[in-house]
Amino acid sequence: MEKVARIILTVVLAIVLNVEAEAQFRSLSEVENEMRQNRIALEKADKNPTKVADQYELGRLYIACNQYDKGIKWMRLAANKNYKKAQEHLVMIYALMDRPKSFYWAKKLANTGDPEYEYITGYMLENGMGCTKNIKEAKLWRNPCTPVRGKPACWQIVLIAL
């Protein structure tokens, strides 16, 4: 009886494992199909979109597909037309790759009066990240009256002054 129970258990486990393997295989093929569809969508969309938001989205798609050069190209096109999301994205991308470019886009956003990027610009100036270290200018950007994410940046100004 015990031998029969083991055989049945083995058969049941084999069936369950086979079903799981098939489910994983199907999900893998579904992912591959989705990637194919994304590539097709990219090829169609890459026919020179004129709307700034479309340029930004195309850049995001290329970056998601690990085609960074093309993605950054489209992001820059949108960012140069003052599309804020693209500019913010470039600050983050360039923070890892090219800090002077990251500083350029952060300062451009700060010049629009965005308090978060005023703070970031001041921080970058204070620490010489992508720019020449300049405590005096950093103090100007990190205005103690400017709230950053709902909190005043006063304590940072005190630290810079020390």
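Residues numbered from 1 in each chain as written. Predicted model: local features only at pLDDT ≥ 70, side-chain atom pairs only at ≥ 80, totals over all residues. Heavy atoms only, no water.

(A) View of the packing of aromatic side chains. Per the counting criterion, the structure on display carries two aromatic pairs. For the pair Y56 and Y83, a centre-to-centre distance of 5.5 Å together with 50 degrees between the ring planes defines the contact as tilted. Of this pair, Y56 sits in helix α2 (residues 52-64) while Y83 sits in the loop between α3 (68-80) and α4 (84-97), and the two are 27 residues apart along the sequence. On the basis of relative accessible area, Y83 is assigned to the partly exposed category, the value being 23%. When the centroid spacing of 4.9 Å and the interplanar angle of 85 degrees are considered together, the rings of Y104 and W105 count as edge-to-face. Among the residues examined, Y104 registers a relative accessible area of 45% and is labelled partly exposed. (Phe/Tyr/Trp six-rings, centres within 6.5 Å; stacked < 30°, edge-to-face > 60°. Helix = DSSP H or I, 4+ residues; strand = E, 2+ residues; numbered from the N terminus. Buried < 20%, exposed > 50% of the residue type's maximum accessible area, 1.4 Å probe, protein only.)

(B) Geometry of the side chain of S102. Examined against the element boundaries, S102 turns out to sit in helix α5 (residues 99-110). A distance of 2.9 Å separates the side chain of S102 from the backbone oxygen of V91, its partner in a polar contact. Aside from chain neighbours lying at most four places away, what touches S102 is V91, Y94, A95 and M124. (Polar contact = N/O pair within 3.5 Å; in protein donor to acceptor, adjacent residues only side chain to side chain. Contact = heavy atoms within 4.5 Å.)

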